[in-house]
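# Coordinate analysis (summary)
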Amino acid sequence: MADKLLEVRDLCVAAHVQKNVLTPIVKKVSFSIETGKVVALIGESGSGKTTISLACMGYARPGCTITGGGVKLDDIEVLKLGFLERRRFRGTDVSYVAQSAAASFNAALTITRQVIETPLIKNLMSANEAMEKAVSLYHELDLPEPEAIGRRYPHQVSGGQLQRLMAAMAMICDPKLLILDEPTTALDVTTQIEVLQAFKKLIRDKHTSAIYVSHDLAVVAQVADDILVLKDGVMIEYGPAEQIINEPSQDYTRELISAAHIMPKSMPKPRPLIIQTAQNATAQPLLVVDGVTAGYGQNHQYLALHSVSVEAHVGRTIGIIGESGSGKTTLGRVISGLMGSKQGEVRLDGIPLADSIARRSRAELRSVQFAFQMADVALNPRHRIRKILGRPLKFYFNMSEGEVGHRIDEILDTVELPSYFANRFPRELSGGERQRINLARSLTAEPKLIICDEITSALDTIVAEAILKLLRELQERLKVAYVFISHDLSTIAKVADTIAVMRRGKIVEYGSTVEILTPPHHRYTELLLSSVPDLRTDWLDTIETRRAAARIAAAG
Amino acid sequence: MTVPVAELRSLLRELLSELTPTVVICALILACVILVVLFAPLIAPYGEGEILTNDSFALQGSEGKARPGSTLLLGGDFLGRDILSRLVYGARVTLSVALAISLLAFLLGTTVGFLAAAIRGRADAVLSRIVDALISFPSIMIALIVVTSLGSTFTVLIITVALIDATRVFRVARALAMNIIVQDYIEAARVRGEGLGWVMWQEVLPNVLGPLAAEFGIRFTYAILFISALSFLGLGVQPPHSDLGLMVKENIQALLYASAYDDLRYALICISPALCIATVTISVNLIVDWFLKSTGASLPEEL
């Protein structure tokens, strides 16, 4: 057995909830890493995975205290180090890559200056040596123009590049242990795979050990040797990656596996697009977006949509997929009236909708509802749930106070929340519960169409799965149509009847889910498809050739 | 609209749990000041303009010769009026004028500031530039010019200073509202079809009340200082009304007495109104600091 680089024994961390009250948030967690291996910490938010990874650097976030256990790196007892010794040891022996590289770089300094800061202030290298080291790391991380990229400022490179540059910053002192905290979560799917590949190669070449923190099992499976499954600060399961993925012994692990962002095994059963009902006898589509061109700036100077046409049907879901900058959110905004269009029109039940909210009738506004991505900023923190849900009822239906109360109970029940939640504030709810309220607010208007803008993207996989299930049930019952906007093809594949693939403001492929997902694919669709990981540990190594071809084709 | 009693109660409990001795003392001082201001005629031993002695600057505790049996607890002013009584009435005038100024400034500043934040575009640019221009003048100079030309009545004073203060409130309110208006819940209200009134009062205002309350405290202290300064320069509250700043001006000669007779008790006659100003403003400021700290609110930095 190889020597253990890092050993964590019975680690306990507690948070100060009130004065003099400690609530344990990590309970007796033990694991170890051998040199050159990667351990993944996986769990929902609040499972303590970031707290543990920070404790490995001897750090507890403000309000938290490490209350017990030990962390041993090589021969150093990390938790016994004094303040100055810890400072010396961080950045050189252990380094950290945070989730949002954009928030971690100083926008006012060039990139290389920040990358080489650690060895310079610690007097480990001369400036020239550090520069050379940085450039060689840029080479290894497959960054474009490795000689020149360091002279740019953080806003001049893409998100995926910045994340890799941050890895270069972490690796510049050749740390023994690298901690990666959700390093790809904020990235687009296609970029995520590239960054993941770069990280994997770097770790392999440098023979560094790493802790990889994530909530997505499909991503973790690609890089980890061992996986530690966490829930509420307790170890659920710990073992080699192969074993966790193929023969999980715990129910919670199985739940994580079924919620992972992978393509569904079987194609969803196609539903006829048109439901014959009394109101819908003519069988025309509910919503038609007809050749819409729109953009930002004065007079639509910067176009975000180029003659886009899609249709949504009663009781059906259209999935809009694309990466950031593809115009998918703009499309949602144009449909909802938040943005005007330059050309083309949006028709609801055959009647053109006005360009702006002010010129739409209340009935039209009611028919098209918008569900926002981030429920925590889409709900007014100073309003109780009662007010958040009650306002649309009063606004659209002029209901009396008594009727409103009754209806709120019903709606809360629809989204599977207890009625006493009406008295709570959004901050007193969990992320998943808030997203349900967000959906419930759209439902109060009894709309014909709901635009769901990335509503599951900010959620943990298991919670997201539950929201998707709720969406499907509501659709069965209420015959509401969804425009489901997402960057994640695996999510879209689970909910959509038709799919529109968007890129740079244009629709590159549009058709039923089955058509889109069965070959032959459009070049870009192929690239997206090849970016959705399989739940296999060797998947990342096998796709390189397929992706390289797809990337070249898509770029051309 | 229902009153959020439970929420208020929990906020109050939270605030009370973080009380510090300093804050308790400041709060007690302010409570006393408020009582004095409200019941000035009952508390003041003598009338506002009543002359108790023919001497200028009678010492503390001396007897008022013009009115047998009277005692000048804190001494007499240059006309032989009771300093304590003048202080009580002066505080009443200064604080109520300051309060009127702050209220008016807030009404105006927040309304226009919110509007600017909501409408954006050209209207906001024009309003902001006007405010920038106004702020670039020394405020005391504007006040002096306006008051000299229009006459120093309470109405003119209050409206002038309130307008000057409103420019600052405008900036704060606009900056605070700007941060809220870009939030998704505002967009959610707009996409529902809500009007500007609802968005401003129901969606934005509750989220900026904390910092605005703190700003109100700070503005209030500035108004006290400003009014006092104007009165000291002779352009604020006019005699025979009493005012804390005016009292400092009137009795500044007492400082000469203090050096001539080498007796600091004379100096106290002039300094006591200044001490009152300092006590009130420092108390309000400390309470505001504590409020900001314990509610976790903060005022916009760029101002």
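Please read all numbers here as calculations on a predicted model, not as lab measurements.

How each quantity is defined
Residues numbered from 1 in each chain as written. Chains lettered and ligands numbered in written order. Predicted model: local features only at pLDDT ≥ 70, side-chain atom pairs only at ≥ 80, totals over all residues. Heavy atoms only, no water. Helix = DSSP H or I, 4+ residues; strand = E, 2+ residues; numbered from the N terminus. Buried < 20%, exposed > 50% of the residue type's maximum accessible area, 1.4 Å probe, protein only. Contact = heavy atoms within 4.5 Å. Areas by Shrake-Rupley, 256 points an atom, 1.4 Å probe, with all protein chains shown as cover. Patch = residues over 30% accessible without salt bridge, like charges linked within 9 Å, V, L, I, M, F, W, Y side chains within 5 Å. Salt bridge = Lys/Arg side-chain N within 4 Å of Asp/Glu carboxyl O. Expected span 1.5 Å × (residues − 1). Bend = angle between axes of the 7 residues up to and from the residue. Buried area = accessible area lost by both parts, 1.4 Å probe. Polar contact = N/O pair within 3.5 Å; in protein donor to acceptor, adjacent residues only side chain to side chain. Nonpolar A, V, L, I, M, F, W, Y, C, P; charged D, E, K, R; others polar. Axes fitted to C-alpha atoms, helices over the stretch in contact; angles between N-to-C directions. Parallel < 35°, antiparallel > 145°, perpendicular 65-115°, else oblique. pLDDT = per-residue confidence, 0-100. Left-handed = near helix turned anticlockwise from the far one by under 90°. Disulfide = S-S within 2.5 Å.

## Some words on the overall build of chain B
Helix and strand counts for chain B come out as twelve helices and two strands. When the 303 residues of chain B are sorted by exposure, 46% land in the buried category. A separation threshold of at least 6 residues defines the contact pool for chain B, and within that pool the share at least 24 residues apart is 70%. Accessible surface, chain B as shown: approximately 14800 Å² in total, 69% of it carbon and sulfur.

## A word on a nonpolar patch on the surface
All names here are of chain B. Among the surface-exposed residues, F137, I140, M141, I145, F232, L233, I252, L255, L268, I271 and L275 lie close enough to one another that they form a single nonpolar patch of about 940 Å² accessible area. Those elements that provide at least two residues to the nonpolar patch are α6 (139–150) and α12 (264–295). Topologically, F232 is positioned in helix α9 (residues 196–232).

## Section: α9(B)
Because an α-helix packs 3.6 residues into every turn, residues spaced three or four apart end up facing the same way. Residue and element names in this part refer to chain B. Here α9 is 37 residues long, yet its end C-alpha atoms lie only 44 Å apart, well below the 54 Å a rise of 1.5 Å per residue gives. L205 marks the point of greatest bend in α9, at about 60 degrees, and the proline P206 comes within the next four residues. Just past α9, the residue G234 takes up positive phi, approximately 90 degrees.

## Notes on the interface of chain A and chain B
Each side of the interface is counted separately: chain A has 25 residues, and chain B has 19 residues. Summed over both sides, the interface between chain A and chain B buries roughly 2000 Å², with carbon and sulfur atoms accounting for 53% of that surface. When residues of chain A are sorted by the area they lose upon contact with chain B, A:F372, A:V377 and A:R391 head the list and together hold 24% of the total. Between chain A and chain B we count two salt bridges in total. A:R391 is the partner of B:E194 in a salt bridge, and the nearest nitrogen-oxygen pair spans 2.6 Å. There are nine residue pairs in polar contact (both at pLDDT 80 or more) connecting chain A and chain B. Mapped onto the side of chain A that touches chain B, the elements with two or more residues apiece are α12 (328–336), α14 (375–378) and α15 (385–397) of chain A. If you tally residues by element for the side of chain A that touches chain B, the top one is α15(A), at five residues. Tallied by class, residues from the side of chain A that touches chain B come to 14 nonpolar, three polar and eight charged.

## Section: the packing of helix α6 (residues 127–140) of chain A against helix α8 (residues 189–206) of chain A
If you want to describe how two helices pack, look at the angle between their axes and the distance between the axes. All names here are of chain A. Where α6 contacts α8, the axes come no closer than 10 Å and their chain directions differ by 120 degrees. Here α8 runs oblique to α6, going by the angle between their axes. Packed against α6, whose contacting residues are K133, L137 and E140, the element α8 presents K201, L202, D205 and K206 at the interface. For the contact of α6 with α8, the class distribution of residues is two nonpolar, no polar and five charged.

## Some words on the confidence of the model for chain B
Mean pLDDT over chain B: 86, with 96% of residues reaching 70 or higher. On the interface metric, ipTM, the complex scores 0.75, and its pTM is 0.79.

## Quick word on the packing of helix α8 (residues 184–192) of chain B against α9(B)
Residues and elements named next belong to chain B. One way to put it is that α8 packs onto α9 with a least axis distance of 11 Å and a crossing angle of 165 degrees. On the basis of their axis angle, the class for α8 and α9 is roughly antiparallel. Along this stretch, α8 crosses α9, giving a crossing that reads as right-handed. Residues Y185, I186, A189, R190 and R192 of α8 pack against W198, V199, E203, V204 and N207 of α9.

## Brief notes about unusual backbone geometry
All names here are of chain A. Omega for the bond connecting P519 with P520 falls within 30 degrees of zero, at 0 degrees, which places this linkage in the cis form. Inspection of the secondary structure puts P520 in the loop between α20 (513–517) and α21 (523–529). Look at N123: it is not a glycine, yet its phi comes out positive at around 55 degrees. Here N123 lies in the loop between α5 (117–121) and α6. Phi is positive for E454, which is not a glycine, with a value near 50 degrees. Considering the arrangement of structural elements, one finds E454 in the loop between β17 (449–453) and α18 (461–478).

## Some points on the state of the cysteines
Overall, the coordinates contain zero disulfides over all chains when judged by the stated rule. A:C56 carries a free sulfur, and the closest cysteine sulfur to it, the one in A:C12, is 13 Å from it. Classification of A:C56 by relative accessible area gives buried; the value is 0%. We note that B:C276 lacks a disulfide partner, and the nearest cysteine sulfur, in B:C32, lies 12 Å from it. Judged by its relative accessible area of 27%, B:C276 is partly exposed.

## Structural notes on the side chain of A:T330
All names here are of chain A. If you trace the backbone, T330 turns up in helix α12. Given a relative accessible area of 7%, T330 falls into the buried group. A polar contact of 3.2 Å, which involves the side chain of T330, links it to the side chain of Y296.

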